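Notes for the structure review
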Amino acid sequence: MGATRAAAAGNGIRIPTQARGKRTFAAILEATAELLVTDGMDAVNTNVIAKRAHVNVATVYSYFPDKTAIVRQLAQQFEDERFGYVEEMAQRFGRDDWREWYATVIDRLAQFRLDVPGAVEIRKIVRSSIDLREIDEESTRGAIELIVVRLSELNPELSDARARAVAGVVVRTITEVIDSAFATDPPDMALVEELKVMVIGYLEQYLHGASTVVAGVADDVDG
């Protein structure tokens, strides 16, 4: 949260600390997400956002310097939540069969796009904007670090360099294919199903014969 707040301040965004301000801030973001879905990025401006959020334009500018800053904050929140999904699932790694774990992660990341208002539009904006791409990369790097640790737990013989390469392929492939699946309306969920087959098949060559459950975690569960 501290890093997110610092990043927001660096982009001229004022994060409120009082309850009323937090509600207004959230309303502005929610209104922007709704407008991105219904009207698209080009049609959104601070006047339209203010009207949808039921606040005056001066209030919008008291938190955000411009429309781009609002979209940036939305993108940051989306990527933080997306990474949070992976981080939460990482706590279960070692308790489930690794194949089931990866399939569940992919399913949850796809479902996340359906559950979060404006998620699909925000991802499209992030992918197309050079200014916002670093937010995506930061989330990707965090996910790779989580996967590196889990791969090493299941196969201690993997070198750090190989584990990082494998984790990079897995994380970036999952992101790219899910992005592609949601580039159409309705989403192409068959791509998500094939993604699970592909990722698990790819990892088999590194984790084939590895214990499906991490020993230390299994001991904790059994004990």
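Residues numbered from 1 in each chain as written. Predicted model: local features only at pLDDT ≥ 70, side-chain atom pairs only at ≥ 80, totals over all residues. Heavy atoms only, no water.

1. Structural notes on the overall build of the protein
For the protein, the helix and strand inventory stands at 11 helices and 0 strands. Secondary structure elements of the protein occur, N-terminal to C-terminal, as α-α-α-α-α-α-α-α-α-α-α. Here the protein holds 223 residues, and the buried ones make up 44% of them. (Helix = DSSP H or I, 4+ residues; strand = E, 2+ residues; numbered from the N terminus. Buried < 20%, exposed > 50% of the residue type's maximum accessible area, 1.4 Å probe, protein only.)

2. So, the packing of helix α9 (residues 160–181) against helix α10 (residues 189–207)
For any two helices packed against each other, one specifies the crossing angle of their axes together with the interaxial distance. At a minimum axis separation of 10 Å, α9 and α10 run at an interaxial angle of 170 degrees. With respect to each other, α9 and α10 are oriented roughly antiparallel. Taken together, the residues of α10 that come into contact with α9 (itself represented by R162, V166, V169, V170, T173, I174, V177, I178, S180 and A181) are L191, V192, L195, M198, V199, Y202, L203 and Y206. Its residues assigned to classes, the contact of α9 with α10 shows 15 nonpolar, 2 polar and 1 charged. (Axes fitted to C-alpha atoms, helices over the stretch in contact; angles between N-to-C directions. Parallel < 35°, antiparallel > 145°, perpendicular 65-115°, else oblique. Contact = heavy atoms within 4.5 Å. Nonpolar A, V, L, I, M, F, W, Y, C, P; charged D, E, K, R; others polar.)

3. Some details on unusual backbone geometry
For the bond running from D185 to P186, omega is 5 degrees, close enough to zero to count as cis. One can find P186 in the loop between α9 and α10. Although it is not a glycine, H54 adopts a positive phi angle of roughly 60 degrees. Take H54: it is sitting in the loop between α3 (46–53) and α4 (57–63).

4. Observations concerning the side chain of T32
Within the secondary structure, T32 sits in helix α2 (residues 19–38). Classification of T32 by relative accessible area gives buried; the value is 0%. Here the side chain of T32 touches I28 through a polar contact of 2.8 Å, landing on its backbone oxygen. Apart from residues lying up to four places away in sequence, T32 is in contact with I49, I70, V71 and L74. (Polar contact = N/O pair within 3.5 Å; in protein donor to acceptor, adjacent residues only side chain to side chain.)

5. Side note on the packing of helix α6 (residues 98–115) against α9
Axis separation between α6 and α9 bottoms out at 11 Å; the angle between their running directions is 40 degrees. Judged on the interaxial angle alone, α9 and α6 are oblique. Crossing handedness for the pair α6 and α9: right-handed. For the pair α6 and α9, the contacting residues are Y102, I106, L109, A110 and R113 in the first and V170, I174, T175, I178 and D179 in the second. (Left-handed = near helix turned anticlockwise from the far one by under 90°.)

6. Points about the side chain of R123
Relative to the elements of secondary structure, R123 occurs in helix α7 (residues 119–128). Owing to a relative accessible area of 2%, R123 belongs among the buried residues under this scheme. Engagement of the side chain of R123 in a polar contact is seen with the side chain of D136, the distance being 2.9 Å. Apart from residues no more than four positions distant in its own chain, R123 is found in contact with F78, E79, R82, R113, D136, T175 and D179.

7. Section: the pattern of salt bridges
Evaluated as defined, the whole model comprises 18 salt bridges. The shortest N-O distance in the salt bridge between R164 and D160 comes to 3.0 Å. Here the residue R164 and the residue D160 both occupy positions in helix α9, the gap between them amounting to 4 residues, near one helical turn. Beyond isolated ion pairs, a larger network of salt bridges with shared partners links E79, R82, R113, R123, R127, D136, E176 and D179. (Salt bridge = Lys/Arg side-chain N within 4 Å of Asp/Glu carboxyl O.)

8. A look at empty space enclosed by the protein
One simple way to see leftover space: roll a probe sized like a water molecule over the atoms. With the rule as written, the count across this model stands at 2 cavities of 30 Å³ or more. Around the largest cavity sit 15 residues that line it, and V86, L109, A143, V171 and I174 are the ones nearest its centre. Going through the elements one at a time, α5 (67–90), α6, α8 (133–154) and α9 are the ones with two or more residues in the lining of the largest cavity. Residues belonging to the lining of the largest cavity are distributed by class as follows: 11 nonpolar, 3 polar and 1 charged. Put simply, the second largest cavity is a space of about 30 Å³. (1 Å grid on protein atoms, 1.4 Å probe; cavity = no way out; pocket = protein on both sides within 12 Å on 5 of 7 lines; lining within 4 Å. Points joined across faces, edges and corners; volume = space filled by probe spheres on them.)

9. Quick notes on the confidence of the model for the protein
Looking at the protein as a whole, its pLDDT mean stands at 87, while 87% of the residues score no less than 70. Every residue in residues 213–223 is under pLDDT 50, and counting partners more than four places away or in other chains gives 10 contacts. (pLDDT = per-residue confidence, 0-100.)

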